[in-house]
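The chain contents come next:
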Amino acid sequence: FRGRQFDCYRRQSDGFAHKDERLTPQFLLRPFLDELVKQDNVRSAVPRDSGDDDASNTSDGSEEDRSFIDAILTSCMDDIEAAASISAFDEMAWGSRMLAASDSQALLQPNVELASWVLDQLLSKGCTCILKGSTFQRISSFLMSANMPVKEVCMKLLWRIVVGWRIGLDTEANPTSGLPTKEEMNAMVFDHIPIGRLKRIGSQRAAEERRQDRAFMSSYTQVITQLVIGVEDLLAHIRSLETNEEEVKE
């Protein structure tokens with residue numbers, strides 16, 4: 001599952017690919033993902049889209065549905081990992097490149113844009129498989145990539161996971177959801193997120209962009225700031241919960 005099997009572009013006699021909006025992966029996959037997650041019946045603490053009227057109307061999903069969601073997640077992660085680790089893609093402008101390509105051309109490279117969109121949709125629909133510790137650790141390993149657009153995608157995903165964890169600490173956890181405990185969250189954040197380095201880079205970039213009289217910070221600087229704030233808020237909340245537990249015991 002990578003979206004590459006869909007005929008998203010129609011070939012014309014002049015030899016150029018023209019995009020057919022009715023056949024884009026987003027158009028084809030959105031209703032499919034909506035129905036799949038409804039059947040999967042996974043409830044998480046991730047904030048859902050305000051327009052998602054069907055979020056509460058879920059039914060029990062089968063093991064096959066859950067396995068297929070896991071397969072979608074694995075495929076998306078494989079694409080992002082390839083973009084992050086293969087040196088041939090170090091200079092690729094993911095998110096800004098020309099997406100019109102033949103099927104054979106698309107099969108030769110990962111599809112970071114589609115993978116990012118699919119993961120964002122699953123997070124918005126409350127798919128807890130993305131909130132598991134193993135997913136967090138795998139995405140955090142991609143921060144070592146030399147490609148800035150890939151790191152931006154990964155930091156945004158990590159921020160959304162951290163926000164989901166933070167809100168999940170205040171809700172009744174589903175024992176089958178596979179979400180990490182607050183002790184595991186604390187350990188994974190310290191082990192896998194270079195928070196001090198990110199704070200320094202974010203501050204340096206923000207100062208430089210202010211010197212350039214920019215009206216808004218770049219998206220890269222914004223996502224660094226979001227991740228730093230999200231991590232610090234999660235850690236502060238964990239400390240608060242631990243303090244409350246100690247007071248109760250006393």
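How each quantity is defined
Residues numbered from 1 in each chain as written. Predicted model: local features only at pLDDT ≥ 70, side-chain atom pairs only at ≥ 80, totals over all residues. Heavy atoms only, no water. Phe/Tyr/Trp six-rings, centres within 6.5 Å; stacked < 30°, edge-to-face > 60°. Helix = DSSP H or I, 4+ residues; strand = E, 2+ residues; numbered from the N terminus. Buried < 20%, exposed > 50% of the residue type's maximum accessible area, 1.4 Å probe, protein only. Axes fitted to C-alpha atoms, helices over the stretch in contact; angles between N-to-C directions. Parallel < 35°, antiparallel > 145°, perpendicular 65-115°, else oblique. Contact = heavy atoms within 4.5 Å. 1 Å grid on protein atoms, 1.4 Å probe; cavity = no way out; pocket = protein on both sides within 12 Å on 5 of 7 lines; lining within 4 Å. Points joined across faces, edges and corners; volume = space filled by probe spheres on them. Nonpolar A, V, L, I, M, F, W, Y, C, P; charged D, E, K, R; others polar.

**Overview of the packing of aromatic side chains**
At step 1: The final tally for this structure, using the stated rule, is 2 aromatic pairs.
At step 2: Geometrically, the ring pair formed by phenylalanine 136 and tryptophan 165 is tilted, given 4.8 Å between the ring centres and 40° between the ring planes. Of this pair, phenylalanine 136 sits in helix H5 (residues 133-141) while tryptophan 165 is found in helix H6 (residues 148-168), placing the two residues 29 residues apart along the sequence. The residues phenylalanine 136 and tryptophan 165 share a single accessibility class, namely buried.

**Description of the packing of H5 against helix H7 (residues 182-192)**
Helix-helix packing is described using two parameters, namely the angle between the two axes and the distance between the axes.
At step 1: Direction vectors running N to C along H5 and H7 enclose 10°, while the axes themselves pass 10 Å from each other. The angle between H5 and H7 places the two elements in the roughly parallel class. For the pair H5 and H7, contact is made by Gly133, Phe136, Gln137 and Ser140 and by Met188, Val189 and His192, respectively.

**Digging into the layout of surface pockets**
At step 1: Roughly 320 Å³ of internal volume is contained in the second largest pocket.
At step 2: Forming the boundary of the second largest pocket are 17 residues, of which Ser116, Glu152, Val153, Lys156 and Val223 lie nearest the centre.
At step 3: For the lining of the second largest pocket, the secondary-structure elements that each account for two or more residues are helix H4 (112-124), H6 and helix H9 (219-249).
At step 4: Grouping the constituent residues of the lining of the second largest pocket by class yields 7 nonpolar, 5 polar and 5 charged.

It is worth stressing that arrangement in space is one thing and function is another; only the former is reported here.
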